[in-house]
Amino acid sequence: MLEARALRKTFGRTVALDGASAEIGDGEIVAITGASGSGKSTLLHCLAGIIRPESGEVRFDGRRVDTLDGADRTKLRRENFGVVFQFGRLVPELTAEENVALPLLFNRHGRRESLLAAQSWLERLDVIDCAGRRPGELSGGQLQRVAVARALVTGPRVVFADEPTGALDSLAGERVMGELVGTARAAGTTLVIVTHDNRVAAYADREIVLRDGTLAGVAV
Ligand SMILES: Nc1ncnc2c1ncn2[C@@H]1O[C@H](COP(=O)(O)OP(=O)(O)O)[C@@H](O)[C@H]1O
Ligand SMILES: [Mg+2]
């Protein structure tokens with residue numbers, strides 16, 4: 001369903017991806033692991049159509065993603081993907097509930113309906129008390145939960161999560177992982193999680209291991 005073939009991506013003189021490939025099935029939960037700097041985030045961003053590789057191919061449902069222009073990749077993401085970025089990346093001017101409602105508003109849902117859906121996700125992730133606060137007033141853990149709610153609110157086909165528990169203590173991390181994985185399993189959502197935490201990788205069906213921007217192995 002998601003496929004990356006021989007991806008190469010450089011940032012100046014740094015080679016972030018050097019021939020990385022990955023294949024992810026419909027409804028599969030996959031962890032991308034590897035040392036810091038091995039290219040995990042870059043691979044995730046290429047799969048999600050956020051950045052384009054310099055060479056290689058990315059496909060979603062058989063269709064090329066990497067050849068689409070920015071507007072078409074944005075449209076593809078809004079309609080099919082949810083993304084939890086490494087440091088949350090919420091809009092600082094908006095409240096938590098407005099941040100979570102935003103993907104629905106972009107998809108032309110009504111304001112009231114979008115805010116209600118946002119509130120119910122904030123409740124599920126145990127941060128409903130943060131609904132009216134802006135990101136600057138939230139802790140790292142609260143930000144991460146709000147970011148997870150925002151990724152799930154549209155009921156996407158694929159959720160991409162970059163170190164979703166990085167800012168959480170282990171108990172809170174397990175709660176967030178449980179909600180992410182439980183939601184994905186119940187809805188048949190494909191879940192791609194970047195992590196360097198073995199306990200997080202243990203939730204996955206399969207592990208894709210990167211080393212120096214290339215595939216070092218696949219573990220079940
Ligand atoms: N926007 C960027 N600008 C410059 N270098 C980058 C950028 N993004 C990633 N890199 C570099 O590419 C390499 C891979 O980065 P990344 O994919 O973030 O690795 P990981 O997520 O595994 O830690 C690293 O050496 C990193 O410093
Ligand atoms: Mg990273």
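The following refers to the structure shown. Keep in mind that this is a model prediction, so the values were computed, not measured. (Residues numbered from 1 in each chain as written. Chains lettered and ligands numbered in written order. Predicted model: local features only at pLDDT ≥ 70, side-chain atom pairs only at ≥ 80, totals over all residues. Heavy atoms only, no water.)

With that settled, the discussion passes to the overall build of the chain. Within the chain one finds 7 helices and 10 strands. Here the chain has a C-alpha radius of gyration of 17 Å; the compact-globule value for 220 residues is 17 Å, and the two agree. Overall size of the chain, expressed as C-alpha extent along the three principal axes, is 45 × 35 × 35 Å. Out of the 220 residues belonging to the chain, those deemed buried represent 49%. Taking contacts inside the chain between residues at least 6 apart in sequence as the whole, the part at least 24 apart equals 66%. Looking at the chain as shown, the accessible area adds up to about 10,200 Å², and 48% of this sits on carbon and sulfur atoms. Averaging the positions of the 28 positive and the 29 negative side-chain charges in the chain gives two centres separated by 4 Å. (Helix = DSSP H or I, 4+ residues; strand = E, 2+ residues; numbered from the N terminus. Rg over C-alpha atoms; globule rule 2.2 N^0.38 Å. Buried < 20%, exposed > 50% of the residue type's maximum accessible area, 1.4 Å probe, protein only. Contact = heavy atoms within 4.5 Å. Areas by Shrake-Rupley, 256 points an atom, 1.4 Å probe, with all protein chains shown as cover. Lys, Arg positive; Asp, Glu negative; His and termini not counted. Charge placed at Lys NZ, Arg CZ, Asp CG, Glu CD.)

A few words now on the sheet that holds strand β9 (residues 206–211). Taken in spatial order, the 6 strands line up as β6-β7-β8-β3-β9-β10 in an open sheet, and their pairing is mixed. Edge positions in the sheet fall to β6 (81–84) and β10 (214–219), since each has one partner strand and no second. Across the sheet, the axes of successive neighbouring strands diverge by a mean angle of 15°, strand direction being ignored. Across 5 bridges, strand β7 (residues 158–162) lies against strand β8 (residues 190–194) in parallel orientation. Among the inter-strand pairings, V159 is bridged to a residue of β8, identified as L191. Along the sheet, helix α1 (residues 40–47) makes contact with β3 (29–33), β6, β7, β8 and β9, crossing β7 at roughly 155°. Its contacts with the sheet put helix α2 (residues 70–80) on β6 and β7, and the angle it makes with β6 is roughly 90°. (Pairing = 2+ DSSP bridges. Axes fitted to C-alpha atoms, helices over the stretch in contact; angles between N-to-C directions.)

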